[in-house]
Structures are given as C-alpha cells and as structure tokens.
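# Inside the fold
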Amino acid sequence: MFKNPYLSIFLSIAASIAPLFFSWPYTLMLSILAAVFFPPIAIFTGLLLDLSYAGHAGIPYFTILGCGIAVAGAFVHQFLKTRIMS
Amino acid sequence: MKRPFSPKHNRSSVGYVAGVVVVLAVGFILLLLRIFLPDAFISLAAPFWKAGTAMDVGTGNWFTGLTHGSSLAAQNQMLSSEVTTLENENAVLTARTQDLTKLLGSQPAQTGGAIVAGILARPPLSPYDTLVVAAGAQDGISKGAEVFAQGGVPIGTVESTSAHSATIHLLSTPNTTTNGWIGNDRLALTLTGTGSGTFSSSLPKNTPISVGDTVYIPGPGAIPMGTVTRVDSDPSSPNDTLHIQPLVNIFSLTWVTIAS
C-alpha cells in the first residue's frame with residue numbers, strides 16, 4: 001500500500017483541497033495521513049488554511065503546524081521506506 | 001554494503017523531487033495571489049466553498065430524510081405555529097414602541113444603511129473564528145465596521161477588506177474581550193471569546209446570577225446575545241466563571257448585515 005503512487009497522489013490532492021471543503025479538524029487529519037506518503041503536502045495545506053481564513057495581523061499557526069507535520073511525516077515516510085526496502 | 005544503482009529507484013526520487021517543487025511553487029503562487037490580488041484568490045476559492053456548503057446541506061437533508069416522516073411533519077407544524085406567535089409578538093412590540101415614541105415626543109435614531117452580505121466560509125470550515133463574506137470595499141464595507149446577524153445581534157467586526165470580499169473577526173474569537181451586561185439588573189461584565197461562538201466571563205462570588213440568565217452586549221442599547229449555560233465555582237478563587245451560549249448559531253449563518 002505504501003508503494004502505491006496512485007494512493008499518494010489521491011491523498012495529496014484530497015489534502016490540498018480539503019481546507020475549502022471540510023471543517024478544519026478533518027482537514028488536519030487528512031493532511032497528517034497524506035504527510036506519511038508525501039510530507040510537503042502538509043505545508044501546502046497549512047498555508048492554504050492560513051491564506052483563506054487567517055487575519056492579516058495574525059500568526060500563521062497552521063502553516064507552522066503544517067511544517068511540523070511535514071517534518072514528522074518525513075521521518076515516518078523514511079522509516080516505512082527503509083523497512084519496505086530492507 | 002553499497003546499494004547498486006537502480007533506474008526504478010532513481011526515477012521515483014526524481015518524481016518525488018518534482019512533486020515537492022510543484023507543491024511549493026503552487027503554494028508560493030497562492031501566497032502572491034493572496035497578497036497582491038486578494039479578489040482573484042477569493043474568486044478561485046469561492047466555487048469550492050459553495051460546493052462544500054451544498055455538500056453539507058445535501059448530506060444534512062439526506063440524514064434528516066431518514067427520520068420518520070410523521071415526526072418531521074409534526075415538528076414543522078409546531079415551528080410554523082411558533083413563527084406565527086413570534087410575528088404577532090413582534091407586531092405588538094413595534095406598535096408599543098411607536099406609541100411610546102409619540103408619547104415621549106422623540107424620534108428614533110436614524111441608523112443609516114446596512115449592507116447585506118452573503119457568507120462564503122464560516123466555522124468550522126474556518127479554524128480562526130472568522131467569516132469570509134462576498135461583499136467588500138466597492139460595496140461600501142470599511143475596516144472596523146460592525147457586523148450583525150439575524151435579529152440585529154452584533155457578532156463581530158470587519159477585519160480586512162478587498163474590492164469584493166471581506167474577512168470578519170468574530171467577537172467569540174479566543175482572547176477577544178467585549179463589555180456587556182447580565183440579567184435584569186444589567187450587571188456589568190467582560191465577555192471573553194472562547195471560540196466556536198461561545199464566551200466566558202467571571203464575576204465575584206455571591207453575585208446574584210444563575211443558569212439561564214440573559215447576557216447583553218451594546219449595539220445600540222442592550223441587545224441580548226446569549227444565555228448562561230454553566231457556572232463554575234472554584235473554592236480557591238474569589239470569582240465564579242460563567243460559560244455563555246450565544247443566541248446566534250455561527251455554524252449555520254448564511255448572511256450578515258454590515259454597518260455602512
């Protein structure tokens with residue numbers, strides 16, 4: 001399942017448009033799941049949440065959270081990839 | 001041990017890097033759009049917001065339709081009767097206000113025009129307790145203008161505007177404070193937003209308040225905006241904490257009026 005590129009593409013597209021469709025807790029869950037397959041998508045999702053809804057003077061909390069999820073997702077992604085290859 | 005070169009693995013790495021570049025490039029373009037062409041960004045996002053709202057409504061209607069038809073019919077009849085009663089009460093109060101105005105010899109204040117704006121996005125779609133509306137500076141909306149829900153209840157202020165859209169900062173945004181009153185005695189209190197349309201406040205112990213008391217905010221006059229749903233009393237604190245449920249359900253707002 002992890003090596004399936006179509007699943008990775010589907011989850012990435014779903015996570016990238018989720019901020020405009022779903023409530024933010026579901027968007028967060030979807031981006032965490034997508035980050036395991038493709039970590040940078042979490043940064044994009046967080047950025048889109050902040051661009052769409054944050055005030056101009058506010059701190060971009062979700063962009064920062066997205067960066068954190070991307071880093072964590074990269075570790076998980078690398079771990080799973082190593083386990084599969086070995 | 002050195003891993004032998006594999007064309008398949010090399011292709012997947014190139015694809016991964018290409019994917020990262022595309023995602024970051026699209027993100028950067030969206031950031032530039034939002035900063036320099038905010039209306040273009042809203043125009044791109046609006047069809048998705050409308051589709052999402054339609055999906056929400058359709059899903060809600062589908063689940064509602066699963067309920068037995070007769071209970072829905074009974075509920076509909078009860079609600080229609082309630083609406084008729086409220087309309088009649090409103091007419092009585094309006095007439096009474098007019099009589100009092102004539103008696104006291106004063107004219108009601110001219111409130112000026114208000115702008116009706118449709119909502120494109122609301123919580124929980126928005127995680128920041130903000131509303132995005134489809135009316136902006138060209139429609140007469142200015143930064144800092146007061147925003148009202150149905151019934152004239154103030155719910156927030158305009159935080160930023162572009163030509164055809166505006167972002168509204170709700171009063172219930174966490175750590176936002178608003179002055180108000182509680183109860184028939186109109187005791188003064190400070191409301192603190194706790195997100196998702198709810199508020200909290202604290203008053204000294206032994207203040208004559210109870211669950212169900214109405215909370216008011218200025219707007220003109222004292223406008224009811226919520227009721228007390230819980231009172232927490234901590235023996236180590238000199239104050240009681242009130243939890244306030246608003247009268248306006250921000251999750252189901254479809255339009256607002258904005259003072260011009």
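Residues numbered from 1 in each chain as written. Chains lettered and ligands numbered in written order. Predicted model: local features only at pLDDT ≥ 70, side-chain atom pairs only at ≥ 80, totals over all residues. Heavy atoms only, no water.

## Some thoughts on the overall build of chain B
Note the cut-off: By the criteria applied, helices consist of DSSP H or I runs no shorter than four residues and strands consist of E runs no shorter than two, each listed in order from the N terminus. Think of it in three bands: residues with accessible area under 20% of the maximum for their type are buried, residues over 50% are exposed, and the middle band is partly exposed, with areas taken using a 1.4 Å probe on protein chains only. Throughout, a contact is declared for two residues whenever any of their heavy atoms are within 4.5 Å. For accessible areas, the Shrake-Rupley method is used with a probe of radius 1.4 Å. Any residue's cover is judged against the shown protein chains and nothing else.
A count of helices and strands for chain B gives 3 helices and 12 strands. Here chain B holds 260 residues, and the buried ones make up 33% of them. A sequence separation of at least 24 residues applies to 53% of the contacts in chain B between residues at least 6 apart. Counting only carbon and sulfur atoms, one obtains 61% of the accessible surface of chain B, whose full area is about 15500 Å².

## With respect to the pattern of salt bridges
A side chain with one charge can pair with a side chain of the opposite charge if their charged atoms come near. Residues and elements named next belong to chain B. The condition is simple: The term salt bridge refers to a side-chain nitrogen of Lys or Arg lying within 4 Å of a carboxyl oxygen of Asp or Glu.
Applying the stated criterion to the full structure yields 2 salt bridges over all chains. A salt bridge links Arg 230 to Asp 232; its shortest N-O distance comes to 2.9 Å. Assessed through its relative accessible area of 45%, Arg 230 is described here as partly exposed.

## Side note on the interface of chain A and chain B
Let me state the cut-off plainly: Two parts lose some accessible area (1.4 Å probe) when they are put together, and adding that loss for both gives the buried area. As used in this structure description, the phrase polar contact means that two N or O atoms lie within 3.5 Å; if the pair is within protein, one of them must be able to donate a hydrogen and the other to accept it, and residues adjacent in sequence are counted only when both atoms belong to side chains.
Contact with chain A, which involves 27 residues of that partner, is made by 28 residues of chain B. Here chain A meets chain B over a buried area of about 2500 Å², counting both sides, of which 74% is carbon and sulfur. Between chain A and chain B we count 6 residue pairs in polar contact (both at pLDDT 80 or more) in total. Elements supplying a minimum of two residues to the side of chain A that touches chain B: helix H1 (5-21), helix H3 (40-53) and helix H4 (61-85) of chain A. At 10 residues, H3(A) tops the list of elements feeding residues into the side of chain A that touches chain B.

## A few points about the packing of aromatic side chains
Put simply, the test is: Aromatic rings from Phe, Tyr and Trp, taking only the six-membered ring of Trp, are treated as a pair when their centres fall within 6.5 Å; an angle between ring planes under 30 degrees marks them as stacked, one over 60 as edge-to-face, and anything in between as tilted.
What the rule picks out here adds up to 7 aromatic pairs over all chains. Chaining the aromatic ring pairs together yields one cluster made of Trp24(A), Tyr61(A), Phe62(A) and Tyr128(B).

## So, the confidence of the model for chain B
Residue and element names in this part refer to chain B. Keep this limit in mind: Predictor confidence is given residue by residue as pLDDT, running from a minimum of 0 to a maximum of 100.
Averaged over chain B, the pLDDT score is 83; the fraction of residues at 70 or greater is 85%. This model gives residues 107-111 a pLDDT under 50, and the stretch forms 2 contacts once residues within four places in sequence are excluded. Our summary of model confidence lists the complex with pTM equal to 0.75 and ipTM equal to 0.80.

## As for the packing of H1(A) against H3(A)
Residue and element names in this part refer to chain A. Operational definition: With axes taken as lines fitted to C-alpha atoms, and helix axes fitted only over the stretch in contact, angles between N-to-C directions fall between 0 and 180 degrees. By definition in this entry, angles of less than 35 degrees are roughly parallel, angles greater than 145 are roughly antiparallel, angles of 65 to 115 are roughly perpendicular, and the rest are oblique. Crossing handedness is defined as follows: a turn of the near helix away from the far one that is anticlockwise and smaller than a right angle gives a left-handed crossing, while the clockwise case is right-handed.
Two elements in contact, H1 and H3, have axes whose closest approach is 8 Å; the angle formed by their N-to-C orientations is 15°. It follows from the interaxial angle that H1 and H3 lie roughly parallel. Considering the relative orientation of H1 and H3, their crossing is right-handed. On the side of H1, the interface is formed by Ser 12, Ala 15, Ser 16, Pro 19 and Leu 20, while H3 contributes Ile 41, Phe 44, Thr 45, Leu 48, Leu 49, Ser 52 and Tyr 53.

## A few points about empty space enclosed by the protein
Our working definition: Using a grid of 1 Å spacing that covers the protein atoms alone, one calls a set of points a cavity when a 1.4 Å probe fits there but cannot get out, and a pocket when the set is open and has protein on both sides within 12 Å along at least five of seven lines; lining residues are those with an atom within 4 Å of a point. Grid points are joined across faces, edges and corners, and a volume is the space filled by probe spheres set on the points. When residues are sorted by character, Ala, Val, Leu, Ile, Met, Phe, Trp, Tyr, Cys and Pro go into the nonpolar class, Asp, Glu, Lys and Arg into the charged class, and all the rest, Gly among them, into the polar class.
Inspection of the entire model under this criterion finds 2 cavities of 30 Å³ or more. Looking at the largest cavity, its volume works out to about 100 Å³. Taken together, 13 residues line the largest cavity, and the ones lying closest to its centre are Pro154(B), Ile155(B), Gly197(B), Phe199(B) and Pro246(B). Residues that form the lining of the largest cavity fall into these classes: 11 nonpolar, 2 polar and no charged. Quantified by volume, the second largest cavity comes out at close to 50 Å³. Forming the boundary of the second largest cavity are Thr27(A), Leu28(A), Ser31(A), Ala42(A), Thr45(A), Gly46(A), Leu49(A), Phe62(A), Leu65(A), Gly66(A) and Ile69(A). Elements with a contribution of two residues or more to the lining of the second largest cavity: helix H2 (24-37), H3 and H4 of chain A. Class assignment of the residues belonging to the lining of the second largest cavity gives a composition of 6 nonpolar, 5 polar and no charged.

## So, the domain arrangement of chain B
Bring the parts together and some accessible area is lost; that lost area is often taken as the interface size. Residues and elements named next belong to chain B. Filter applied, for reference: Each domain's limits were defined by an automated method or a database of domain assignments.
The assigned domain composition of chain B is domain 1 (10-65) and domain 2 (109-260). On a C-alpha basis, the centres of domain 1 and domain 2 stand 30 Å from each other. In this assembly, 8 residues from domain 1 lie in contact with 10 residues from domain 2. Its largest share of buried area at the contact with domain 2, domain 1 owes to Asp 39, Ile 42 and Trp 49, together 68% of the area lost on that side. The tally of links between domain 1 and domain 2 comes to 0 salt bridges. Counting residues per element, the side of domain 1 that touches domain 2 draws most heavily on helix H2 (residues 38-65), at 7 residues. Across the side of domain 1 that touches domain 2, the residue classes tally to 4 nonpolar, 1 polar and 3 charged.

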